[in-house]
Amino acid sequence: MRRLWGRANSVNVQKALWGLDEIGLPYERIEAGGAHGVVGDAEYRALNPNSLVPTLQEDGFVLWESNAILRYLAEAHDGPLALPQDVRERALIGQWLDWQTTSFTPAMRDAFWQLVRLPEPERDAALIGGSVAASERHAETLDRYLQGRSYVVGERFSIADIALGCAAHRWLALPVERIARPELERWYAGLARRPAAAVVMRQALS
């Protein structure tokens, strides 16, 4: 039995959902987090003491943290997400997973909360501006890196594309003016054509 706890409009839950769908693993998704609550319940906290989503349960094994779940799926299941044999390619995948979670996604957090979660009279223009500027710097980094590349690492799709693809989806959907990033947008459009990406691409920001 495999369960994934979390709401489908959470960017971190989307990473896990995309990974599961990419491999073709059956699972039950249980609504949790945000308006669904649950994460503060004692039963859930016994699974995930951070009271966050996602949380994966698989045959008695429990794992939380979205990028840890992606790494586990890549290592535990044969298929399109299997990690490359080359140790340096594996290291690069880890590098970009860390960059997504420590740099790109945190940079856009204030803009997301202000523009998506708060009514207009309560928004802080300075916070939005600073967040957009920081996000633009990271978008430029990714855009330059992706020049001439179909995927983030090597010649095949990997969990790095999932993590960065989810972050890029949020960035490109934010209601702000952005500098054109042709390489990032080309790479993103390629990811969007993957059937398993639908779990992310069909989600509006909320």
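Keep in mind it's a predicted model, so treat the numbers as computed, not measured. (Residues numbered from 1 in each chain as written. Predicted model: local features only at pLDDT ≥ 70, side-chain atom pairs only at ≥ 80, totals over all residues. Heavy atoms only, no water.)

### Here's the deal with the environment of methionine 108
Topologically, methionine 108 is positioned in the loop between α4 (87-107) and α5 (109-117). Overall, methionine 108 belongs to the buried group, its relative accessible area being 1%. Separated by 20 residues in the primary sequence, methionine 108 and isoleucine 128 have C-alpha atoms spaced 8.6 Å apart. When residues no more than four places from it in sequence are discounted, the contact partners of methionine 108 are Ser131, Ser135, Ala167, Arg170, Trp171 and Leu174. (Helix = DSSP H or I, 4+ residues; strand = E, 2+ residues; numbered from the N terminus. Buried < 20%, exposed > 50% of the residue type's maximum accessible area, 1.4 Å probe, protein only. Contact = heavy atoms within 4.5 Å.)

### Observations regarding the pairing of strand β1 (residues 2-5)
Two strands pair when backbone bridges link them, and β1 and strand β3 (residues 55-58) are joined in this way by four bridges, in the antiparallel orientation. Within β3, the position partnered with leucine 4 by the bridge is leucine 56. Relative to strand β2 (residues 28-30), β1 runs parallel, the two sharing three bridges. If you follow arginine 3 over to β2, its bridge partner there is glutamate 28. In this fold, β1 hands off to helix α1 (residues 11-23), which returns the chain to β2; that crossover is right-handed. (Pairing = 2+ DSSP bridges. Right-handed = clockwise from strand over helix to strand, strands pointing away.)

### Some details on α4
Over its 21 residues, α4 runs 29 Å from end to end, which matches the ideal 30 Å to within 8%, given 1.5 Å per residue. At glutamine 100, α4 shows its largest kink, close to 45 degrees. Those residues of α4 lying buried are Ile93, Gly94, Trp96, Leu97, Trp99, Gln100, Ser103, Phe104, Thr105 and Ala107. Each element contacted by the buried residues of α4 is listed here: α1, α3 (66-76), α5, α6 (125-145) and α7 (159-173). (Expected span 1.5 Å × (residues − 1). Bend = angle between axes of the 7 residues up to and from the residue.)

### Examining the UniProt feature "domain: GST C-terminal" (unreviewed entry) in the chain
Mapped onto this numbering, the UniProt entry annotates "domain: GST C-terminal" (unreviewed entry) at residues 86-206. Counted over residues 86-206, helix gives 67% and strand 0%. Its end C-alpha atoms are 39 Å apart. (UniProt positions renumbered as here; feature names shortened; annotations may be inferred.)

### Examining the domain arrangement of the chain
Segmentation of the chain into domains returns domain 1 (2-76) and domain 2 (87-194). Summarising the inter-unit geometry, the C-alpha centres of domain 1 and domain 2 are found 22 Å apart. In this complex, domain 1 contributes 11 residues to the contact, which on the side of domain 2 involves 17 residues. Summed over both sides, the interface of domain 1 with domain 2 buries roughly 1200 Å², with 64% coming from carbon and sulfur. Ranking the residues of domain 1 by area buried against domain 2 places Val11, Trp18 and Arg71 at the top, with a combined share of 44%. When the shortest N-O distance is used, the salt bridge between arginine 194 and glutamate 22 registers 2.6 Å. For the interface between domain 1 and domain 2, the tally reads five residue pairs in polar contact (both at pLDDT 80 or more). For the side of domain 1 that touches domain 2, the elements supplying multiple residues, two or more each, are α1 and α3. Among the elements that line the side of domain 1 that touches domain 2, the one with the most residues is α1, at six residues. In the side of domain 1 that touches domain 2, the residues fall into four nonpolar, three polar and four charged. (Domains from an automatic or database assignment. Buried area = accessible area lost by both parts, 1.4 Å probe. Salt bridge = Lys/Arg side-chain N within 4 Å of Asp/Glu carboxyl O. Polar contact = N/O pair within 3.5 Å; in protein donor to acceptor, adjacent residues only side chain to side chain. Nonpolar A, V, L, I, M, F, W, Y, C, P; charged D, E, K, R; others polar.)

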